Amino acid sequence: MAHLIYVVYHAQPEQTVRLIKAFHSPQRARDYQTMLQAAPFPGEAPTGYQVKVLQLDWIGCAGARLWSSS
């Protein structure tokens, strides 16, 4: 079963890409990106904040067991 997540990250030329946070909701990811662009981390350009959609593929029940509390 495919599952989509929306990852907020910062990328600038000649710098390491920094993963910041992942969301299930595309709107929450865009809102977070907008917040970071308005008040960026020190030393980071506001234009470097991006959102990328990633598809996670679960293989049967094996993936579900990774998240089990037992």
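Conventions and cut-offs
- Residues numbered from 1 in each chain as written.
- Predicted model: local features only at pLDDT ≥ 70, side-chain atom pairs only at ≥ 80, totals over all residues.
- Heavy atoms only, no water.
- Core = buried A, V, L, I, M, F, W, Y, C linked by side-chain atoms within 4.5 Å.
- Buried < 20%, exposed > 50% of the residue type's maximum accessible area, 1.4 Å probe, protein only.
- Helix = DSSP H or I, 4+ residues; strand = E, 2+ residues; numbered from the N terminus.
- Contact = heavy atoms within 4.5 Å.
- Salt bridge = Lys/Arg side-chain N within 4 Å of Asp/Glu carboxyl O.
- Expected span 1.5 Å × (residues − 1).
- Arc of directions from axis to C-beta.
- Polar contact = N/O pair within 3.5 Å; in protein donor to acceptor, adjacent residues only side chain to side chain.

Enquirer: Run through the nonpolar core, naming residues and quoting values.
Expert: Grouped together as the largest cluster of nonpolar side chains are seven residues: Tyr 6, Val 8, Phe 23, Ala 29, Tyr 32, Leu 36 and Tyr 49. A per-element tally of this core places helix H1 (residues 26-38) first, with three residues. Dropping the residues within four chain positions of it, Phe 23 is found in contact with Ile 5, Tyr 6, Val 8, Arg 28, Ala 29 and Tyr 32.

Enquirer: Requested: an account of the pattern of salt bridges, with residues and values cited.
Expert: Taken as a whole, this structure holds one salt bridge when the rule is applied. Two residues, Arg 18 and Glu 44, come together in a salt bridge whose shortest N-O distance is 3.0 Å. One end of the pair, Arg 18, is in strand S2 (residues 18-23); the other, Glu 44, is in the loop between H1 and strand S3 (49-57), with 26 residues separating them in the sequence. A residue is classified by how much of its surface remains accessible, and Arg 18, at 30% relative accessible area, is partly exposed. We classify Glu 44 as buried; its relative accessible area is 16%.

Enquirer: Can you lay out H1 for me, pointing to particular residues and giving the numbers?
Expert: With 13 residues, H1 ought to run about 18 Å at 1.5 Å a step, and its terminal C-alpha atoms sit 18 Å apart, in line with that. Those residues of H1 not exposed but buried are Ala 29, Tyr 32, Gln 33 and Leu 36. Here the buried residues of H1 occupy an arc of 100 degrees about the axis, which is enough to place them on one side. Of the surrounding elements, those touching the buried residues of H1 are strand S1 (2-10), S2 and S3. Where H1 begins, the capping side chain belongs to Ser 25, and its oxygen is found 3.3 Å from the backbone nitrogen of Gln 27.

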